[in-house]
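Report on the structure
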Amino acid sequence: MTTPREAAPETSSILIVDDMEENLVALQAVLGSLAHVVRARSGEEALKAMLRQEFAVVLIDVLMPGMNGFETAANIKGLDQTRDVPIILLTGAAVDPDYAYRGYTVGVADFLIKPFDPWLLRTKVNVFLDLHRKNRQLIDQAEQLKRLLTADGGHPGVPSAAPEAASTSTEPPNGRDRAHPAEHPAPPEQPDSLAEAAGQLAQAEILLRDAGTPGSADLADRVLDLVQAVGQLMTDREM
């Protein structure tokens, strides 16, 4: 049985994986100001950490005893809970030229060669942190939209049922004292929040498809489903 992961914190987290303590210290010193950094000394520790909480990006050393970097990356990509997390592999200068091919085959997003430029490392990691934060914002917006749809009709794309006039009518049987419709003006129209939400989601879907980053296409499909549900609900209201 898979242990459920903790809810995503407001601050994105980075997982660094290396069997050498001095390398972990160096990585944390460079990345610590960008986000919360979690350490793992092996591939096994990394997998356990990723099943416990959500990470924006993972940095893995290739040459580790036991489960090496390629095997760790392959296991991460093989789990539904972690397959969309971008991975950066860290390698030494004197490495097999086939390392890059092997890494991209298992689904890593990027490579860095040691000793790495701290500015370059921060720049690459910051791209994935920004993407993760934007994805979290889109997920939050989608949840808000679902609540809005539920409040309007109970289910996305299904209009709310009209109240039954017969069961709530207080009109006298003989029709006397019946108020003229003009005496009860309709309430002022509210701004069309659904149309505004649909427009924002449509823009987000375009941005996600243009991003071309791991997980962005799946999230764009989910956003598109919400856009279509909102459009159906708006159409049903006009009928």
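See the structure above.
Every value quoted in this text rests on a predicted model; they were computed, and no experiment measured them.

Focus on the sheet that holds strand β3 (residues 57-61)
- Pairing within the open sheet is parallel, and its five strands lie in the order β2-β1-β3-β4-β5. Every other strand in the sheet has two partners, leaving β2 (36-40) and β5 (110-113) as the edge strands with one partner each. Averaged over all pairs of adjacent strands, the angle between strand axes in this sheet comes to 20°, irrespective of strand direction.
- Where strand β1 (residues 13-17) meets β3, four bridges bridge the pair, whose relative direction is parallel. Directly across from L15, in β3, lies its bridge partner V58.
- Helix-sheet contacts for helix α2 (residues 43-52) involve β1, β2 and β3, and the interaxial angle to β1 is about 165°.
- Running over the sheet, helix α4 (residues 99-106) touches β4 (87-91) and β5 and is turned about 145° from β5.

Thoughts on unusual backbone geometry
- With an omega of -10°, the peptide bond between K114 and P115 qualifies as cis.
- As for its placement among the helices and strands, P115 is situated in the loop between β5 and α5 (118-153).

Looking at the nonpolar core
- Core analysis: the largest hydrophobic core is formed by 23 residues, its most contacted members being L15, V17, M50, V58, I60, I87 and L89.
- Taken together, the elements giving at least two residues each to this core come down to β1, β2, α2, β3, α3 (69-77) and β4.
- Take this core: its biggest share by element is four residues, from α2.
- Not counting chain neighbours up to four residues away, the residues in contact with V58 comprise L15, V17, M50, V85, P86, I87 and I88.
- One finds L27, V57, I88 and L129 within the second-largest nonpolar core, a separate group that totals 19 residues.

A look at the packing of α3 against α4
- α4 packs onto α3 with a crossing angle of 15° between their chain directions and a minimal axis gap of 9 Å. Accordingly, the angle class assigned to the pair α3 and α4 is roughly parallel. The way α3 lies across α4 gives a crossing that is right-handed. The segment α3 lies against α4, with F70, A73, A74 and K77 engaging Y99, R102, G103 and V106.
- Here the residues of the contact of α3 with α4 are counted per class, giving five nonpolar, one polar and two charged.

Notes on the packing of α2 against α3
- One can describe the packing of α2 onto α3 by two numbers: an axis separation of 9 Å at closest approach and a directional angle of 20°. The angle between α2 and α3 places the two elements in the roughly parallel class. Relative to α3, the crossing made by α2 is right-handed. Counting all contacts with α2, which are made through G43, A46, L47 and M50, the residues of α3 involved are T72, N75 and I76.
- Split into classes, the residues belonging to the contact of α2 with α3 amount to four nonpolar, three polar and no charged.

Topic: the pattern of salt bridges
- Counting across every chain of the model gives eight salt bridges.
- Note that R39 and E21 form a salt bridge whose closest N and O atoms lie 2.4 Å from each other. Placement of R39 in strand β2 and of E21 in helix α1 (residues 21-31) is noted, with a sequence separation of 18 residues between them.
- For R39, a relative accessible area of 34% translates into the label partly exposed.
- Among the salt bridges present, the one from E21 reaches R41, with a minimum N-O distance of 3.3 Å. Of this pair, E21 sits in helix α1 while R41 sits in the loop between β2 and α2, placing them 20 residues apart in sequence.
- The exposure class of E21 is partly exposed, given its relative accessible area of 33%.
- For R41, a relative accessible area of 38% gives the class partly exposed.
- Sharing partners across several salt bridges, the network here consists of D18, D61 and K114.

Remarks on α1
- Along α1, the residues classified as buried are L24, L27, V30 and L31. Looking down the long axis of α1, one finds its buried residues gathered within 130° of arc, a one-sided arrangement.

Here is what the cut-offs are and how they apply
Residues numbered from 1 in each chain as written. Predicted model: local features only at pLDDT ≥ 70, side-chain atom pairs only at ≥ 80, totals over all residues. Heavy atoms only, no water. Pairing = 2+ DSSP bridges. Helix = DSSP H or I, 4+ residues; strand = E, 2+ residues; numbered from the N terminus. Axes fitted to C-alpha atoms, helices over the stretch in contact; angles between N-to-C directions. Contact = heavy atoms within 4.5 Å. Core = buried A, V, L, I, M, F, W, Y, C linked by side-chain atoms within 4.5 Å. Buried < 20%, exposed > 50% of the residue type's maximum accessible area, 1.4 Å probe, protein only. Parallel < 35°, antiparallel > 145°, perpendicular 65-115°, else oblique. Left-handed = near helix turned anticlockwise from the far one by under 90°. Nonpolar A, V, L, I, M, F, W, Y, C, P; charged D, E, K, R; others polar. Salt bridge = Lys/Arg side-chain N within 4 Å of Asp/Glu carboxyl O. Arc of directions from axis to C-beta.

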